[in-house]
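This is what each chain is made of:
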Amino acid sequence: MDTAPSAQPPTSTAPAVGNRRRVATAAALASAVEWYDYFVFGIAAALILGDLYFPAGSPTAGVMASFATFAVGFLARPLGGIVAGHLGDKRGRKPMLVLALTLMGVATTGIGLLPTYDTIGVAAPILLVLLRVAQGVAVGAQWGGAMLLATEYAPEGKRGVYGSVVQLGVPIGVVTANTVFLAAGALTTDSAFAAWGWRVPFLVGLLVLGLAWYIHTRVEETPAFREAERALAEQEKTEQSSPLRTILRGHLGTVLLAGGSFAVNTATFYILITGVLDYTTRELDMEKGPVLTVSLCVSLTQLVLIPAAAALSDRIGRIRIYAFGAAGIALWAVPLFLLIDTGSLLWLAVGTFVASCFLSIMYGPQAALFAELFTPEMRYTGASLGYQIAAVAGGGLAPFVMVLLLEATGTSMAVSGYIIALSVIALVSIKVLAGRARSAEPEAAPEAKAEAESAS
């Protein structure tokens, strides 16, 4: 069930070292600022948006409505992945990444300026949902572009490491979002925070537009796309080529398996950074400041663990590392909530830290693994769809499902069961993906086939 490191696809010219570093840095920054903008909504949904935009009913109802709006962003992510993936495979990785960053910056700033329910009534939650949809489309479009900029510029034998710089955008985004919220809370009174302090983290979204301009003017298209572009040009002389049609007709199984393999990671992640924040502050009466600090510190450890896991996958194979992380999440699901339920800040830190380690072990090699499932001419579409399907099935619904399970059962063990069920799906999907790569069925990309054959 394991695969070894893959060989890089040949390109006509090897990019210069300086250019590789500039592209990798730009991809990492794009991922970090995009995820920052996306995560500030999750934190605000747990802390403040329910009261401001969904005031009717009980506090639980307000939180559930807020989390439902949070989930809407995930439902929109496949749309961003489909549109950007299709155009990214035909027109280039860079323009789609620039467009995604621009849309995210505008949507996030719009949320920061949006009047509340008390000011404009029912229009407030409607506009909030629309802006959240725009955020979802943007992040759905962004991941594939940033990931391919990094991995398709990677030198031979280092695709995992280069892909991990994009994955680092997630913990960087979480750390930055938590830091800005902590600062906003510390520098304002409770009433001032509710009135305007919570808006400050969203207004930082304006900085994304500057990064979009930098990438537009300073970053070159990837060598792999330039090679694929020539092949597509020849193909279009005789037929109408469509990366999306090719994926849906011949590679949908691989996309669904990729999504199934990753859903547990994204679900557990959002349970930790959003669901647990609500659960500990509302149900366990813990202070929001210390809980946010724990989340921030745990995310800092991912800055080391993610590239370490990716580097190890370059040496001993993606699948082995990926499956180990998924199995670890399943085994830790019950201890995680037993520790959280103590109401102790120390045990909360221990529980979430161990869970975060297993998430990092999966997340490190994930970008390279997904890139290697598809050939360059359909890679943006295929990898993006697999990732965004997981985001809908796992991440978007996870905090909402967590609240439902807690309300219905009265025990956090129901949430542990939910995580375990997703872990089983992940392990089965990983096993099937590895088997397909070994048997060299048409759905596996050449890189993935080479990995499996060299490991057998």
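Residues numbered from 1 in each chain as written. Predicted model: local features only at pLDDT ≥ 70, side-chain atom pairs only at ≥ 80, totals over all residues. Heavy atoms only, no water.

A. A look at the overall build of the chain. Within the chain one finds 21 helices and zero strands. The long-range fraction of contacts in the chain, counting pairs at least 24 apart against all pairs at least 6 apart in sequence, stands at 87%. Carbon and sulfur atoms form 68% of the exposed surface of the chain, whose accessible area is close to 16500 Å². (Helix = DSSP H or I, 4+ residues; strand = E, 2+ residues; numbered from the N terminus. Contact = heavy atoms within 4.5 Å. Areas by Shrake-Rupley, 256 points an atom, 1.4 Å probe, with all protein chains shown as cover.)

B. Structural view of helix 6 (residues 123-151). Here helix 6 is 29 residues long and its end C-alpha atoms lie 43 Å apart, about the 42 Å a rise of 1.5 Å per residue gives. Most of helix 6 sits inside the fold, with 21 of its 29 residues counted as buried. (Expected span 1.5 Å × (residues − 1). Buried < 20%, exposed > 50% of the residue type's maximum accessible area, 1.4 Å probe, protein only.)

C. Quick look at the environment of F67. When you line up the elements, F67 lands in helix 3 (residues 59-91). Since its relative accessible area comes to 1%, F67 is described here as buried. Note: C-alpha distance between F67 and A44 (23 residues apart in sequence) is 9.9 Å.

D. How the structure looks around the packing of aromatic side chains. Scanning the entire structure with this criterion turns up eight aromatic pairs. Ring geometry for Y53 against W198: centres 6.2 Å apart, planes inclined by 85°, an arrangement best described as edge-to-face. Residue Y53 is located in helix 2 (residues 49-53), and its partner W198 is located in the loop between helix 9 (190-195) and helix 10 (200-203); the two are separated by 145 residues in the primary sequence. Taken together, the ring pairs in this structure connect F262, Y363, F370 and Y387 into an aromatic cluster. The ring of F193 carries the charged tip of K288 above its face, separated from the ring centre by 4.3 Å. (Phe/Tyr/Trp six-rings, centres within 6.5 Å; stacked < 30°, edge-to-face > 60°. Lys NZ or Arg CZ within 6 Å of the ring centre and 35° of its normal.)

E. Quick look at unusual backbone geometry. Of note, D285 is a non-glycine position whose phi angle comes to about 55°, a positive value. Turning to its location among the elements, D285 is positioned in the loop between helix 14 (252-283) and helix 15 (288-316).

F. Representation of the packing of helix 7 (residues 159-167) against helix 15. Relative orientation of the contacting elements helix 7 and helix 15 amounts to 160°, with a least axis distance of 7 Å. Taken together, the axis directions place helix 7 and helix 15 in an arrangement best described as roughly antiparallel. Note on packing geometry: the crossing formed by helix 7 with helix 15 is right-handed. Only I306, P307, A310, A311, S313 and D314 of helix 15 make contact with helix 7, whose side of the interface consists of R159, G160, V161, S164 and Q167. (Axes fitted to C-alpha atoms, helices over the stretch in contact; angles between N-to-C directions. Parallel < 35°, antiparallel > 145°, perpendicular 65-115°, else oblique. Left-handed = near helix turned anticlockwise from the far one by under 90°.)

G. How the structure looks around the nonpolar core. The biggest cluster of nonpolar side chains holds 127 residues, and the ones touching the most others in it are F39 and F370. When sequence neighbours within four positions are dropped, the list of residues in contact with F39 reads V170, G173, V174, A177, F269, Y270 and I273. (Core = buried A, V, L, I, M, F, W, Y, C linked by side-chain atoms within 4.5 Å.)

H. Highlighting the pattern of salt bridges. One pass over the full model with this rule turns up five salt bridges. Of the charged contacts in the structure, one is a salt bridge between E372 and R159, with a shortest N-O distance of 3.3 Å. In this pair, E372 sits in the loop between helix 17 (345-371) and helix 18 (379-396) while R159 sits in helix 7, placing the two residues 213 residues apart along the sequence. Note on accessibility: E372 and R159 belong to one class, buried. A salt bridge links R318 to D314; the nearest nitrogen and oxygen atoms lie 2.8 Å apart. Each member of the pair, R318 together with D314, is buried. Each of R159, D314, R318 and E372 takes part in a single network of salt bridges with overlapping partners. (Salt bridge = Lys/Arg side-chain N within 4 Å of Asp/Glu carboxyl O.)

I. Local environment of a nonpolar patch on the surface. Side chains of Y117, I120, V122, I126, L127 and L130 sit close together on the surface and give an oily, nonpolar patch of about 520 Å² of accessible area. Put simply, the parts of the chain that give the nonpolar patch at least two residues each are helix 5 (117-120) and helix 6. Considering the arrangement of structural elements, one finds L127 in helix 6. (Patch = residues over 30% accessible without salt bridge, like charges linked within 9 Å, V, L, I, M, F, W, Y side chains within 5 Å.)

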